[in-house]
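Secondary and tertiary structure notes
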Amino acid sequence: MSRRSPRPTDLASELPPISYVWETPNRRPRRAEWDIPDPAAPGRLTPAMRAKLERIVRRAPEVMVKITGRTKGVGHLKSHLAYITRNGELEAETEQGATIAGRSGLKDLQQRWEDDTGLDNKRRRDGSLSVNIILSMPAGTDAAAVKQSARAFAIETFGYNHDYVFVQHLDDKHPHVHLTVRSLGHDGKRLNPRKADLQAWRERFAGELRLRGIAAEATPRRTRGRVRKADRGAILAMRERKIVPDVDRLARKEVLSEVTSGKSAKHPWSEQIRTRQEAIRRRYLDYAAELQRSGVPADEALARQIRQFVDDMPAIETRRHALKNELSELASSRRRDAKQDIDAQRHDKTRGDERTR
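Residues numbered from 1 in each chain as written. Predicted model: local features only at pLDDT ≥ 70, side-chain atom pairs only at ≥ 80, totals over all residues. Heavy atoms only, no water.

Looking only at helices and strands, the protein chain features twelve helices and six strands. Buried residues in the protein chain amount to 41% of all 357 residues. Long-range contacts, defined as pairs at least 24 residues apart, comprise 71% of the intrachain contacts of the protein chain with a sequence gap of at least 6. For the protein chain, the exposed area adds up to about 21,300 Å²; of that, 50% sits on carbon and sulfur atoms. (Helix = DSSP H or I, 4+ residues; strand = E, 2+ residues; numbered from the N terminus. Buried < 20%, exposed > 50% of the residue type's maximum accessible area, 1.4 Å probe, protein only. Contact = heavy atoms within 4.5 Å. Areas by Shrake-Rupley, 256 points an atom, 1.4 Å probe, with all protein chains shown as cover.)

Shown next, in the form of structure tokens:
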């Protein structure tokens, strides 16, 4: 399958209309039940599509599935396993369902993975030994359901081909599970997840949670009208230490040049973001109109919720737009302050002249 992004003209013809709203932007995800149209009425909402719309507009909690890093060597693997198990104090579970407790069990697992590494003659010197993943839910989610869902997710996703170990952490307000997966699979291929794979993993984890009675969803941020990417942890850490990251400095310099010159540079990707967001919002409203026409009270109620959801979406604003607005407002504020200072000086001069006379 080609990994190139589908062309805009292909979206309407190759994907069911509703999929345009939650399809990942870089390549088509695996077909899920809510992507399959009704053969008798391809443009209509199926029960699965309707259920997903309900979860989205009712703002079901979003799952987080994140790759936190990769272990590069035996020592790195040892320290990572010690971290996720709190030096053996927390119980871990393997792909075979076996539990590992204490430092001795942790050492046995590490030794086994280390021995297997020696048999991997295709591994590059800087190749990873494991892929480290976090599966998390918002505060207040039932921790037992999160662990059960993580176990089911790991079995379904990796159990047939990769060794893994997972540990649940409960010392944070967000119940989460650390999942460490051996990079080398039993088939000799290495685990190398892409962006669309992560989205598929999120959907699978959310599905496991729903099977256990937990409302959960896994939509891209643009589904909720958000176009700005979250800043990376390293960038946030630099800002907390009052260090200006290069990305901030360069962006501010470029935008400041545009503001002072009055000439805006053209960014095709910015227009693409706006066009896509406008299309997504139209799709929502199209389905709200369809639900409204059914005459069924439950459909009419959902139609109202969809319209409200679209009304509440944030402005289509990229980080560049926000920075430009911030600098423009700052420039306007300084001009107002300067004008007030000039007016005050003139007023003081006038009063001084009157006293002199």
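From this point, things continue past the structure.
This part covers the pattern of salt bridges. Scanning the model with the defined rule gives eleven salt bridges in all. Measuring nitrogen to oxygen at the nearest pair gives 2.6 Å for the salt bridge that ties K52 to E217. Of this pair, K52 sits in helix α3 (residues 47-57) while E217 sits in the loop between α7 (195-211) and α8 (233-240), and the two are 165 residues apart along the sequence. By the burial criterion, K52 is buried, and E217 matches it. Where D163 meets R112, a salt bridge forms, and the shortest distance between an N and an O atom there is 3.7 Å. Separated by 51 residues along the polypeptide, D163 in the loop between α6 (143-158) and β5 (164-169) and R112 in helix α5 (residues 102-118) bring together distant segments of the chain. What emerges from the salt-bridge pattern is a single network uniting R50, E54 and D299. (Salt bridge = Lys/Arg side-chain N within 4 Å of Asp/Glu carboxyl O.)

Strand order in the open sheet formed by six strands is β1-β4-β6-β5-β2-β3, with antiparallel pairing between adjacent strands. Edge strands, defined here as strands with exactly one partner in the open sheet, are β1 (64-71) and β3 (99-100). Note: strand β2 (residues 92-94) against β3, two bridges, orientation antiparallel. Pairing of A92 across the sheet is with I100, part of β3. On top of the sheet, α7 reaches β1 and β4 (130-136); it is set at about 125° to β1, its chief contact. (Pairing = 2+ DSSP bridges. Axes fitted to C-alpha atoms, helices over the stretch in contact; angles between N-to-C directions.)

Glancing now at the environment of K147. Counting through the fold element by element, K147 comes out in helix α6. With relative accessibility at 25%, the residue K147 sits in the partly exposed group. A sequence separation of 20 residues divides K147 from V167, and the C-alpha atoms of the two residues are 8.6 Å apart. Here K147 is in contact with F166, Q168 and V177, once residues within four sequence places are set aside.

Okay, the side chain of S149 next. Of note, S149 is situated in helix α6. Ignoring sequence-local partners within four residues, the contact set of S149 consists of F205, E208, L209 and R212.

Before going further, it helps to spend a moment on the packing of aromatic side chains. For the structure shown, the criterion picks out five aromatic pairs. Aromatic pair F153 and F205: ring centres 6.3 Å apart, planes at 65°, arrangement edge-to-face. Note that F153 is positioned in helix α6 and F205 in helix α7, a separation of 52 residues in sequence. When sorted by exposure, F153 lands in the same class as F205, which is buried. Between the aromatic rings of F158 and W201, the centroid separation amounts to 5.2 Å while the plane-to-plane angle is 80°, which identifies the pairing as edge-to-face. Of the two residues, F158 sits in helix α6 while W201 sits in helix α7, which places them 43 residues apart along the sequence. (Phe/Tyr/Trp six-rings, centres within 6.5 Å; stacked < 30°, edge-to-face > 60°.)

Turning to the nonpolar core, a few remarks are in order. Among the nonpolar cores identified, the biggest contains 25 residues, and V63, I133, M137, F158, L179, F205 and L209 are the most heavily contacted of them. For this core, the elements supplying multiple residues, two or more each, are β4, α6, β5, β6 (176-182) and α7. No other element matches α6, which puts six residues into this core. (Core = buried A, V, L, I, M, F, W, Y, C linked by side-chain atoms within 4.5 Å.)

The next thing to look at is the pairing of β4. Regular strands place their side chains on alternate faces of the sheet. In terms of burial, β4 is a largely internal element, seven of the seven residues being buried. Where burial is concerned, the two faces of β4 agree: the one with S130, N132, I134 and S136 and the one with V131, I133 and L135 are both buried. Where β1 meets β4, seven bridges bridge the pair, whose relative direction is antiparallel. Each bridged residue has a counterpart across the sheet, and for V65 the counterpart in β4 is L135. Alignment of β4 against β6, held across seven bridges, turns out to be antiparallel. Residue pairing across strands places I134 opposite H178, the latter belonging to β6.

Before going further, it helps to examine the packing of α3 against helix α11 (residues 297-311). The contact between α3 and α11 brings their axes to 10 Å, and the two run at 45°. Classified by the interaxial angle, the pair formed by α3 and α11 is oblique. The way α3 lies across α11 gives a crossing that is left-handed. Contacts from R50, L53, E54, I56 and V57 of α3 reach α11 at A298, D299, L302, Q305, I306 and F309. (Parallel < 35°, antiparallel > 145°, perpendicular 65-115°, else oblique. Left-handed = near helix turned anticlockwise from the far one by under 90°.)

This next bit is on the confidence of the model for the protein chain. Chain-level pLDDT for the protein chain is 78 on average; 63% of the residues reach the 70-or-more range. For residues 1-16, every residue scores under 50 in pLDDT, and the model assigns this stretch 24 contacts once sequence neighbours within four places are set aside. (pLDDT = per-residue confidence, 0-100.)

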